[in-house]
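The primary structure of each chain is shown beneath.
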Amino acid sequence: MKQSIFEISRIIHAQPCSLQNVDIHILLTDSRSLSEPAITLFFALCTEHNDGHRYIIDLYEKGVRNFVVRNDFTGMDCIPEANCLRVNDTLAALQQLAAHHRRQFNIPIVGITGSNGKTIVKEWLYQLLHDRLSIVRSPRSYNSQTGVPLSVWQLDKQTQLGVFEAGISLPEEMERLKSIISPTIGIFTSIGEAHQENFLSQEEKCLEKLILFEPVGKIIYNEDRMLVKYCMEKKGLLDKAFSWSTKNENALLYISKIEKNIDYTIITYTMHNTRCTLKIPFTDDASIENAIHCLAFILYLVPDLKDLSARFEKLDPVAMRLDVSKGINGNILINDTYNSDINSLSIALDFMARRSTDNHLKRVLILSDILQSGMVPAAFYRKVAELVHQKQVQHIIGIGPNLMSHSNLFNIEKDFYPTTEAFLISGNWYQLKNAIILIKGSRKSRFERISEQLEEKVHQTVLEVNLDAVIHNLKYFRSKLKPGTKVICMVKAFGYGIGSYELAKTLQERGADYLAVALADEGAELRREGITMPVLVMNPEEHAFNTLFEYHLEPEIYNLNILNTIIREAERRGILSYPIHIKLNTGMNRLGFDVRDIPVLADKLNSQTGTLVKSVFSHLAGSDSPFLDGYTEQQIELFSRMSNQLEQLLNYPVMRHLLNSAGIERFPQVQFDLVRLGIGLYGISAVDEKALQLVASLKTRILQIRDVKEGETVGYSRNGVLTRDSRIACIPVGYADGLDRRLGNGYGNVFINGQLCPIIGNICMDICMVDITDVKAEEGDEVVLFGKQISISELADKLQTIPYEILTAISPRVKRIYYKE
């Protein structure tokens, strides 16, 4: 889509100014996703923790000449050749432009909202209808105040159907999304606990979501969900309802029978007195409900659609995440198999670009034929080639007859193969080295076989890390803070066992203010991997000062000896005002300056120019325990007194921080200038873990199953004595992987196929044994050691330890798999 800069200026009510004529094709809010500078309009969005105006000069140097900025932007002199559209609110301007763009199209527009299932329903509608209608839809989960306008901007003259998600986390947000999407048809998927923390009740949240449907002609929903039905009635929307039910035979669409089998479900339904069945390749309740939403939509909008049952039978799972893992030959793999279309390709290429910018890896795309959307193949693959060029892919490996026949459109290093088998047989995959490789394929291409060849071979025990959960937890703790309070994110001890680089990269992208590590070597590794944000070193050692200075790491200073050393080193190198952070002892009695040390410390700091105090801080000994609140209050009072005294003696402002994760939740009144977010970032709360999301899951697979008779023993020292004939599974995880030996001999459990199974006998170095007599299981089945079913906190309580120990004990030999929805 394109729009002249003059017309855009009029639409968003920008201040009058002289403009250079240009047609805008791309709207940009994230500077890291820049592809075509000349035709891009950058909106400098301001959030609580970031300001897009900071990136304008960098974008200008990269060729961007069109910006939407706030009226108070003062950097005009630095971008003399730019078109700058000045407005009061840049986000509102983006939304106004998208809303105007939406009004140019008189076509069916679907708005989807609800707590869960929005993305699944949207993607399944695309799978079911993409060969019948030209569809534009939200990329992945672009359902926010920023994502929705960027999604709607994709509408063009070929579009026959628009499908857009709308998600909210706060009251009064849906009104703005309603004006942008302006749906003609609504789908309400479900109502649940997601984002409940900002609403007084589920009813309030449900009513807020239903605002989206005020302009629609028809609303599809499950009337068995009584709260949704009640809220529909309360808002006077029932006359617009196209409802379905498994209970009400008089519903417009009556689901009379749901018959679950091992790997598929038969749904029997009646509409207009006609009884039909369809088969879906899923058995879980959520997928069944989502499929019925899709069925209701098609019966309403496209009732004459042919091969309806066959289409539903071919539904693919929606890949909701991008997996990042190490590959052979120094490669990094981004696995996005089972999901191939041009919108999700664009998002995945953006993700790859962000991961490759700092480490300078070659960008390689392995791509299958793509589901089309009503376009002529030549025009469609020309569009794909343009996208690949825009995202600066350096080497494409195309697999499939359609890509092969259009290989001439790709003017970069390229290889094409008719099938996945042909690519694997060629052996050329082994020549890929020092690259970041995006593996992007449709389900039928079976690209998982390519992933298996390219992955670094490690044993089957893995730690899965949900980067979206990290982001959610960061947002949760930020919601407890005042607008000016900054956040230090703790990534020491290999990111609490999670893995520090991907974690740090995600936090840097999300605008965290500081990272903190324990040792200088940890900080240096982050710098080598491309982390540029400030890094605080909590336990610097004197021999590590070369590393500190070389990688610009900011040390904690906890006594006069280490202070004298860094001053001496700074002066020897001719360094002025090197940032340091002063640690005070307020009752932990570990590291730090005592009250009596403050005058001497201040004199020393005032007598030199090599260092400058950036912050002063202390540690709370028991902020997570109500029984220690009196002691915590004493520490808070002492810290306030000591830090005030030091700042007065230094005669310049110094930032202060005292609260850890538990402190943020339990003592928000003493936030000072910064807080340190540690274990809370990883999903552990001192108050309410339901508000946080699970970050890490430890999983493995069954190696072997054997039948063992009653009275026989399992494992070393014959401690696992069987009291019945049993089926015993061996799983490849032991104490060398971080599994505590105390969990052996029936004390600990694992989760297999929906059931808890006890660990039998002693836990070995690399293997342990599990009693699976009461569960249906096979070799190769997944085993969860901790995750949703067995929480880290439960495991820590059982072992009478703390969650920190559980996480940090996971061995480096356990492969970390990072994923993002």
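This text gives an overview of the structure that appears in the document.

Parameters at a glance
- Residues numbered from 1 in each chain as written.
- Predicted model: local features only at pLDDT ≥ 70, side-chain atom pairs only at ≥ 80, totals over all residues.
- Heavy atoms only, no water.
- Helix = DSSP H or I, 4+ residues; strand = E, 2+ residues; numbered from the N terminus.
- Pairing = 2+ DSSP bridges.
- Axes fitted to C-alpha atoms, helices over the stretch in contact; angles between N-to-C directions.
- Contact = heavy atoms within 4.5 Å.
- Core = buried A, V, L, I, M, F, W, Y, C linked by side-chain atoms within 4.5 Å.
- Buried < 20%, exposed > 50% of the residue type's maximum accessible area, 1.4 Å probe, protein only.
- Patch = residues over 30% accessible without salt bridge, like charges linked within 9 Å, V, L, I, M, F, W, Y side chains within 5 Å.
- Areas by Shrake-Rupley, 256 points an atom, 1.4 Å probe, with all protein chains shown as cover.
- Salt bridge = Lys/Arg side-chain N within 4 Å of Asp/Glu carboxyl O.
- Lys, Arg positive; Asp, Glu negative; His and termini not counted.
- Charge placed at Lys NZ, Arg CZ, Asp CG, Glu CD.
- Phe/Tyr/Trp six-rings, centres within 6.5 Å; stacked < 30°, edge-to-face > 60°.
- Lys NZ or Arg CZ within 6 Å of the ring centre and 35° of its normal.

Here Asn-329, not a glycine, exhibits a phi torsion of approximately 60°, which is positive. Looking at where Asn-329 falls in the secondary structure, it is placed in the loop between strand S16 (322-326) and strand S17 (332-337).

To continue, consider the sheet that holds strand S10 (residues 185-188). Strand order in this open sheet of nine strands is S8-S9-S7-S10-S11-S12-S13-S14-S15, and the pairing throughout is mixed. On the outer flanks of this sheet lie strand S8 (135-137) and strand S15 (274-280), each paired with one strand and no other. Strand-to-strand, the axes of this sheet are offset by a mean angle of 20°, without reference to chain direction. The pairing of S8 with strand S9 (residues 161-165) spans three bridges and is classified as parallel. Residue pairing for S9: Arg-137 is matched across the bridge by Val-163. Contacts from helix H8 (residues 226-234) reach S10, strand S11 (218-222) and strand S12 (241-245), with the element oriented near 155° to S11.

If you look at the biggest cluster of nonpolar residues, it comprises 141 residues, and the most contacted ones within it are Val-384, Leu-507, Leu-515, Ile-582 and Phe-786. Ignoring anything within four residues of it in the chain, the contact list for Ile-582 reads Ile-557, Phe-593, Leu-601, Leu-605, Val-613, Ser-615, Val-616, Phe-617 and Leu-646. Counting 41 residues, the second-largest nonpolar core is a separate cluster that includes Leu-161, Phe-297, Ile-298 and Leu-315.

Here we come to a negative patch on the surface. On the surface, a cluster of negative charge is made up of Asp-707, Glu-710, Glu-712 and Asp-725. Topologically, Glu-710 is positioned in the loop between strand S32 (704-708) and strand S33 (713-714). A residue is classified by how much of its surface remains accessible, and Glu-710, at 53% relative accessible area, is exposed.

The next point concerns the packing of aromatic side chains. This model, assessed by the stated rule, comprises eleven aromatic pairs. Seen in terms of ring centroids, Phe-410 and Phe-416 are 5.9 Å apart; in terms of plane orientation they differ by 45°. Their pairing is tilted. Of the residues examined, Phe-410 reaches a relative accessible area of 2% and is grouped as buried. Given a relative accessible area of 17%, Phe-416 falls into the buried group. Above the ring of Tyr-747, the side-chain terminus of Lys-798 is found at 4.8 Å from the ring centroid.

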